[in-house]
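Here are the chains, one letter per residue:
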Amino acid sequence: MRYRHLTTVTLALGVVLLVDVLRVFLPAVITIFGQAASTPAELLGAFAFGWFLLALAAPALIRRVGARPVTLVAAVLLVLARLAVNGQPGGRLQLWLATVGLLAGLVWLAGVAAGTDRPVPGLALGLAVGAVLHTVLDTYRSAFFGDWPAWLASVGVAGLFLAGQARPAPQAGAGGVRSWLLAGPALLLAGMVALSPAVARTASSYQFGLLRSDPADEVGVATVPLFGPAPLAVAVGGFLLAALASPRRGAWRWLGPVALVGGAVLVTLGRGELLLPAVLLTAVGLGACLASAGAADGRGADGARAQGSDGGGPDPTRAAGGGPDPARAAGRRGYAAVAGMLVFAVAAVAYYSAYDLGHPNAGVPVAVAVLVAAVALATRPTPRPVRSPLPPVWTAASAAVLTLLAAVASDELLSASNREGPPETVRVAAYNVRMGFGMDGRFDPDALARAVAGADVVALSEVDRGWLLNGGHDTLDLLAERLDMPYVFAPAADPLWGDAVLSRWPLDAARTRPLPAVGAPTGAQALSVTVDFGAGVRLAVVATHLQPPPGEDPVVQARAVADFAVRYAAGRPLVVAGDLNTEPGDPAFAEFTRAGLVDALAAARPLPTSPADAPRQQIDHVFVTPDLAAGDAAAPPGTASDHLPVAVTLTLPPA
């Protein structure tokens, strides 16, 4: 393998490993360090950001000790932490292993930056390969995928990475500073939108859902998609083609930045039907901006050029004698790489902490996109662009085909039928799944499925469909596949986070209603669907998650849900279920009984459901109309979430 290919592939594999560790570190901060949401958001953000800030010492360490020994040690620690996390599914040890891996990865990145002046091909390839692998795993993060194929793949990637890292690097030129600065922002935008298979599948579920009946009833909801994450193949191919091809010149060079900022703006609008164009625009625009930023990279160290490495004017990295100063150039690249990752950390904390603190966050992805676009436009390319070490068309086409095959192989098409006619009874469950993370911080969709096994209709709360903060997986799809139940999803906080209803029978007439915020930072909604049992037997189901401000009772939201549910049912049998954040006897609880609904769990109370490891509060409920006889109510024990599920068997009235 030629050296230019080897360095590109080695950098790409390192990016894959670093992203893998990040997919563990970020949710571990929330679910393990965060002590089941009892830790202030400010402290969570400070803990996460502190490790990125600590990495600022890496360039100084590299200058004192040397790039090669520091990079090799950091690479070994990154690999060991990545493999250790693979075998440690949860608990505080997982948090600290991921933290070690993150810090080692940041130091490794600074070391690689010191010796690499053309990072764009490796960075782009690493982000694309990571997207393909995440698609192969159906967004089930490899760090928690402990079967032998995952171990084999992890060891193989780690071995290839270390083998490539062991090769000595030639002297780098003076370029690459701006490209390395964009590494962190590119990782953020790729993980949040552009190259996320979970986001692509969710976008497809808004655009190409299979359970639709009347479009007027479907505004704002997502259903089982026809194509799954297949649109990601277009995003990956377009991203790589734009990143590896020679950048546009003249007025055409504005196309990439405009596409990137436009895609970020579509994300901030918070509408599910705009999610798919946002993914595609952001992917292509991000690739084009990386190509523009890298257009001046790779200049040799022969001292023959009088222009700066990234633009016009004298080059500050040149020594007094006229030749480039390698140490100074290496230091600038190292600091640029760490600064870019600091942008990643600040933006991620600022965006996701808004759902706890309540500050506006819509401008965060736009601000990051504008930063990337500005750096790309400020870079003046060389008269003769340096040739990419990877053929753009062949690489992009191969990656697109692999992504498409992975999407088709990993996705399952879920369907429901009326079977042999309407049943006499139906078992209904409600479960706050906390984005799929248990009390020990482990992401375990199999445990979630076991907790509601045997239910015919399931109402879910706190459903995450691709937040980078939580690892970028589609909890709803993973759970639906394990239960073999189609779903309808309604967004609450944004198009990727909300509530859902799963059913063994067909669903139709889905509607969603936003609930009054009443000062709470996280959005809330009520999702209504109709379960069609056939022969004229139908059941109205409303799933919701009331979100009052801390320490307050959600009376206003409860009243809105009760009114909406009764109007939607229009005299049909009705179920209202979910995490209502109110206990029997509270004013919000009384709003449902005042609307004529009955507590379906009354015979089994007291029935505490939260926290799951030592339940004290009865805040998860199922309300029904009096024509539905309830029995066999239960809250099965378990710690797959921070709540226990509640389930009850309902006897249906005759048609």
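Residues numbered from 1 in each chain as written. Predicted model: local features only at pLDDT ≥ 70, side-chain atom pairs only at ≥ 80, totals over all residues. Heavy atoms only, no water.

Chemist: Where do I start with the overall build of the protein chain in this structure?
Modeler: A tally of regular secondary structure across the protein chain gives 21 helices and 13 strands. Each of the 655 residues in the protein chain was classed as buried or not, and the buried ones make up 59%. Contacts in the protein chain between residues far apart in sequence, at least 24 positions, make up 78% of those at least 6 positions apart. A total accessible area of about 23,700 Å² is found for the protein chain, and carbon and sulfur atoms account for 63% of it. (Helix = DSSP H or I, 4+ residues; strand = E, 2+ residues; numbered from the N terminus. Buried < 20%, exposed > 50% of the residue type's maximum accessible area, 1.4 Å probe, protein only. Contact = heavy atoms within 4.5 Å. Areas by Shrake-Rupley, 256 points an atom, 1.4 Å probe, with all protein chains shown as cover.)

Chemist: Any chance you could explain the pairing of strand E2 (residues 425-432) here in plain terms?
Modeler: In the case of a regular strand, side chains alternate between the two sheet surfaces. The buried fraction of E2 amounts to seven of the eight residues, a majority that puts the element mostly inside the structure. By the bridge criterion, six bridges tie E2 to strand E13 (residues 646-651) in an arrangement that is antiparallel. For Thr425, the partnering residue across the bridge sits in E13 and is Thr651. In this structure, E2 lies alongside strand E3 (residues 457-464), joined through five bridges in parallel fashion. (Pairing = 2+ DSSP bridges.)

Chemist: What am I meant to see in the pattern of salt bridges here?
Modeler: Two side chains of opposite charge can pair, provided their charged atoms sit close to one another. For the structure shown, the criterion picks out 16 salt bridges. As a salt-bridge pair, Arg82 and Asp20 come within 2.9 Å of each other at their nearest N and O atoms. Residue Arg82 is located in helix H4 (residues 67-86), and its partner Asp20 is located in helix H1 (residues 3-33); the two are separated by 62 residues in the primary sequence. On the basis of relative accessibility, which here comes to 4%, the residue Arg82 falls in the buried class. Of the charged contacts in the structure, one is a salt bridge between Asp444 and Arg442, with a shortest N-O distance of 3.8 Å. Residue Asp444 is classed as buried on the basis of its relative accessible area of 12%. (Salt bridge = Lys/Arg side-chain N within 4 Å of Asp/Glu carboxyl O.)

Chemist: Teacher, can you tell me more about helix H17 (residues 392-410) here?
Modeler: Each full turn of the α-helix corresponds to 3.6 residues, which orients residues three or four apart in the same direction. In a regular helix each residue adds 1.5 Å, so 19 residues correspond to 27 Å; H17 covers 27 Å between its end C-alpha atoms and thus fits that length. Listed as buried for H17 are Thr395, Ala396, Ala399, Ala400, Thr403, Ala406, Ala407 and Ser410. One side of H17 holds all its buried residues, which, seen down the axis, span an arc of 130°. Seen from the buried face of H17, the exposed residues on the opposite side, beyond 90 degrees, are Val393, Trp394, Leu402, Leu405, Val408 and Ala409. Packed against the buried residues of H17 are helix H6 (120-136), helix H11 (231-244) and helix H19 (475-483). (Expected span 1.5 Å × (residues − 1). Arc of directions from axis to C-beta.)

Chemist: What's the story with unusual backbone geometry in this structure? I'm lost.
Modeler: Peptide bonds are trans in most cases, and residues, glycine excluded, mostly fall at negative phi. The omega torsion of the bond from Arg605 to Pro606 falls at 5°, within 30 degrees of zero and hence cis. Positionally, Pro606 belongs in the loop between strand E10 (598-599) and strand E11 (620-624). Positive phi outside glycine occurs at Asp138, with the angle close to 60°. Phi angles above zero are rare outside glycine, and Ala535 is one such case at about 55°. Mapped onto the elements, Ala535 comes out in the loop between strand E7 (525-534) and strand E8 (537-545). On the basis of relative accessible area, Ala535 is assigned to the exposed category, the value being 65%.

Chemist: Help me understand the packing of aromatic side chains in this model?
Modeler: Each aromatic ring pair is characterised by the separation of its centres together with the angle its planes make. Counted according to the given criterion, the structure contains 18 aromatic pairs. For the pair Tyr351 and Tyr355, a centre-to-centre distance of 6.2 Å together with 85° between the ring planes defines the contact as edge-to-face. In terms of burial, Tyr351 and Tyr355 fall into one category: buried. Note on Trp505 and Phe533: the rings are 5.0 Å apart at their centroids and 70° apart in plane angle, and the pair reads as edge-to-face. Remark: Phe533 occurs in strand E7 and Trp505 occurs in the loop between strand E5 (497-503) and strand E6 (507-514); sequence separation between them is 28 residues. Trp505 sits in the buried class, given a relative accessible area of 7%. Under the relative-accessibility criterion, Phe533 is labelled buried at 0%. Here the aromatic residues Phe25, Phe33, Phe47, Trp51 and Trp96 are joined through ring pairs into a cluster of three or more. A cation over an aromatic ring shows up here: Arg465 above the ring of Phe489, its NZ or CZ 5.3 Å from the ring centre. The aromatic ring of Tyr568 is capped on one face by Arg572, whose charged end is 5.3 Å from the ring centroid. (Phe/Tyr/Trp six-rings, centres within 6.5 Å; stacked < 30°, edge-to-face > 60°. Lys NZ or Arg CZ within 6 Å of the ring centre and 35° of its normal.)

Chemist: What should I look at first to understand the sheet that holds strand E9 (residues 574-579) in this one?
Modeler: Think of a sheet as strands paired side by side through backbone hydrogen bonds, with each pair either parallel or antiparallel. The six strands lie next to each other as E6-E7-E8-E9-E11-E10, forming an open sheet whose pairing is mixed. Both outer strands of the open sheet, E6 and E10, are each paired with one neighbouring strand and no more. Where E8 and E9 come together, six bridges link them in parallel fashion. Across the sheet, His545 pairs through a bridge with Asp579, a residue of E9. The strands that helix H20 (residues 555-569) touches are E6, E7, E8 and E9; relative to E6, the one it contacts most, it runs at about 150°. Sitting on the sheet, helix H21 (residues 587-594) is in contact with E9, E10 and E11, with an inclination near 20° to E11. (Axes fitted to C-alpha atoms, helices over the stretch in contact; angles between N-to-C directions.)

Chemist: Help me out: how do you make sense of the pairing of strand E4 (residues 487-494) in this one?
Modeler: Summarising burial for E4: six of the eight residues are buried, a large majority. The sheet contact formed by strand E1 (residues 222-223) and E4 spans two bridges and is antiparallel. Bridge pairing links Thr223 to Val488 in E4. The pairing of E4 with E5 spans six bridges and is antiparallel. When the bridges of E5 are listed, Pro491 appears paired with Gly498.

Chemist: Looking at this structure, how should I read a nonpolar patch on the surface?
Modeler: A surface patch of nonpolar side chains, about 460 Å² in accessible area, is lined by Phe208, Leu210, Leu226, Phe227 and Leu413. As for its position among the elements, Phe208 is in the loop between helix H10 (197-207) and E1. (Patch = residues over 30% accessible without salt bridge, like charges linked within 9 Å, V, L, I, M, F, W, Y side chains within 5 Å.)

Chemist: In this structure, what is going on with the confidence of the model for the protein chain? I would like to understand it.
Modeler: The predicted coordinates ought not to be read in detail in places where the model reports low pLDDT. Confidence along the protein chain averages 88 in pLDDT terms, with 90% of residues attaining 70 or more. Summarising per-element confidence for the protein chain, the mean pLDDT is lowest in helix H7 (residues 148-165) (82) and highest in E9 (98). Note on residues 300-317: pLDDT under 50 across the span, and 47 contacts to partners over four residues away in sequence or across chains. (pLDDT = per-residue confidence, 0-100.)

Chemist: Mind showing me how you'd approach the packing of helix H9 (residues 183-194) against helix H14 (residues 326-352) here?
Modeler: Geometrically, a packed helix pair is captured by the angle between its two axes and the distance between the axes. Their axes nearest at 6 Å, the elements H9 and H14 cross at an angle of 40°. One finds that H9 runs oblique with respect to H14. Between H9 and H14, the residues in contact are Gly184, Pro185, Leu187, Leu188 and Met192 and Gly340, Met341, Val343, Phe344, Ala347, Ala348, Tyr351 and Tyr352, respectively. For the contact of H9 with H14, the per-class residue count stands at eleven nonpolar, two polar and no charged. (Parallel < 35°, antiparallel > 145°, perpendicular 65-115°, else oblique. Nonpolar A, V, L, I, M, F, W, Y, C, P; charged D, E, K, R; others polar.)

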